[in-house]
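# What the coordinates show
The residues making up each chain are set out below.
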Amino acid sequence: MRIAALASGTGSILDALVAEHLPIAVVVVDRTCNAAVVAERAGIPVERLVRTEFGPSFDRDAYTAELVDILVRHGADLVVMAGFGTVLGKAVHDAFDGRILNTHPALLPAFKGWHAVEEALAAGVKVTGCTVHVATLAVDEGEILAQEAVDVLPDDTVTSLHERIKAVERRIYPEAIRHAIAQLENGERIS
Ligand code: GRF
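Calculation criteria
- Residues numbered from 1 in each chain as written.
- Predicted model: local features only at pLDDT ≥ 70, side-chain atom pairs only at ≥ 80, totals over all residues.
- Heavy atoms only, no water.
- Helix = DSSP H or I, 4+ residues; strand = E, 2+ residues; numbered from the N terminus.
- Axes fitted to C-alpha atoms, helices over the stretch in contact; angles between N-to-C directions.
- Left-handed = near helix turned anticlockwise from the far one by under 90°.
- Contact = heavy atoms within 4.5 Å.
- Nonpolar A, V, L, I, M, F, W, Y, C, P; charged D, E, K, R; others polar.
- Buried < 20%, exposed > 50% of the residue type's maximum accessible area, 1.4 Å probe, protein only.
- Pairing = 2+ DSSP bridges.
- Salt bridge = Lys/Arg side-chain N within 4 Å of Asp/Glu carboxyl O.
- Polar contact = N/O pair within 3.5 Å; in protein donor to acceptor, adjacent residues only side chain to side chain.

For the rest of this paragraph, the subject is the environment of Pro109. Inspection of the secondary structure puts Pro109 in the loop between β5 (100–104) and α5 (116–123). For the pair Pro109 and Thr131, spaced 22 residues apart in the sequence, the C-alpha separation amounts to 9.1 Å.

Laid out in C-alpha cells, this is it:
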C-alpha cells in the first residue's frame with residue numbers, strides 16, 4: 001500500500017501520520033511550508049508542485065493533471081489530504097475515485113470551507129469538532145468516515161480552538177486511514 005499525502009501548512013497532521021508509521025510514499029506540497037520539512041525529516045520524498053496563481057487565472061485543471069502525473073509516478077494507492085490548500089479538479093477524482101481522504105476541522109456538514117474554525121467561533125456554537133471523509137469534487141462533501149466533537153470554551157480563540165481540534169485529528173485520522181487501508185486490501189471500497 002502506497003500513500004500520497006498532500007499538505008500546505010505546518011504539517012502537524014502529517015507528522016502524526018508519520019509517527020503512526022503509515023506507508024507514506026510521497027508528500028506533495030503546493031507551496032513552501034513546514035509540511036515539506038516534516039516529510040524530509042522523516043526521509044519521505046517531497047514533490048513541490050508550487051502554485052503560482054491564486055486568482056481567477058489559476059488553471060485548476062492543468063495543475064490537477066500535473067498532480068495526477070506525480071501520484072501515478074509514485075504508484076499511489078491512496079491519497080490523503082493533510083491540510084492541503086488547493087481545491088483540485090475532476091481529473092484526480094476520476095483517477096483515484098473513492099480513494100482520496102480528507103480531514104476537516106468542523107463537524108461536517110457544518111462549517112465547510114477553509115475558515116471552518118473561525119466560522120464556528122463566530123457562530124457561537126458550543127460544540128464543534130472534526131470530520132474525516134472521502135473527498136469528492138464538491139468541497140467538504142463525500143461520505144463521512146469518522147467524527148469527534150470538541151467543546152468550544154468561553155475564552156477560546158481561533159488558535160486555541162483549532163489546536164484542540166487538531167489534537168483530535170492527529171488521533172482519529174491515522175485510525176481512519178488504517179481502516180481505509182484494510183478495506184482497500186480486502187478489495188472493498190472505503191466506507
Ligand atoms: C487541519 O485542521 C486540517 O483539518 C485542515 O488543516 C489543518 C492542518 O493542520 N484542513 P497542520 O498544517 O497539519 O497543522
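Okay, back to it.
At their nearest, the axes of α5 and helix α6 (residues 158–185) sit 10 Å apart, and the two run at 115° to each other. For α5 against α6, the interelement crossing comes out right-handed. Residue-level inspection shows Val117, Glu118 and Leu121 of α5 in contact with α6, the latter providing Val158, Leu161, His162 and Ile165. For the contact of α5 with α6, the class distribution of residues is five nonpolar, one polar and one charged.

The buried fraction of strand β2 (residues 24–29) amounts to six of the six residues, a majority that puts the element mostly inside the structure. Sheet topology places strand β1 (residues 3–7) next to β2; five bridges connect them, and they run parallel. Residue pairing for β2: Ala4 is matched across the bridge by Val26. Two elements, β2 and strand β3 (residues 46–48), share three bridges in a ladder whose sense is parallel. Its bridge partner lying in β3, Val27 is registered against Val46.

Pairing is possible between side chains that carry opposite charge, provided their charged atoms lie close to one another. In this structure the tally under the stated criterion is nine salt bridges. One salt bridge connects Asp30 with Arg31, and the closest N-O pair in it is separated by 2.9 Å. Judged by its relative accessible area of 0%, Asp30 is buried. For the salt bridge of Glu163 with Arg170, the shortest nitrogen-to-oxygen distance reads 2.9 Å. Owing to a relative accessible area of 24%, Arg170 belongs among the partly exposed residues under this scheme.

Below, the discussion takes up the side chain of Asp156. Relative to the helices and strands, Asp156 resides in the loop between β7 (144–151) and α6. Given the relative accessible area of 12%, Asp156 is considered buried. Of the polar contacts made by the side chain of Asp156, one reaches the backbone nitrogen of Leu153; its length is 2.8 Å. Here the side chain of Asp156 touches Arg164 through a polar contact of 2.7 Å, side chain to side chain. Every residue in contact with Asp156, bar those within four places of it in the chain, is listed here: Leu121, Asp151, Leu161 and Arg164.

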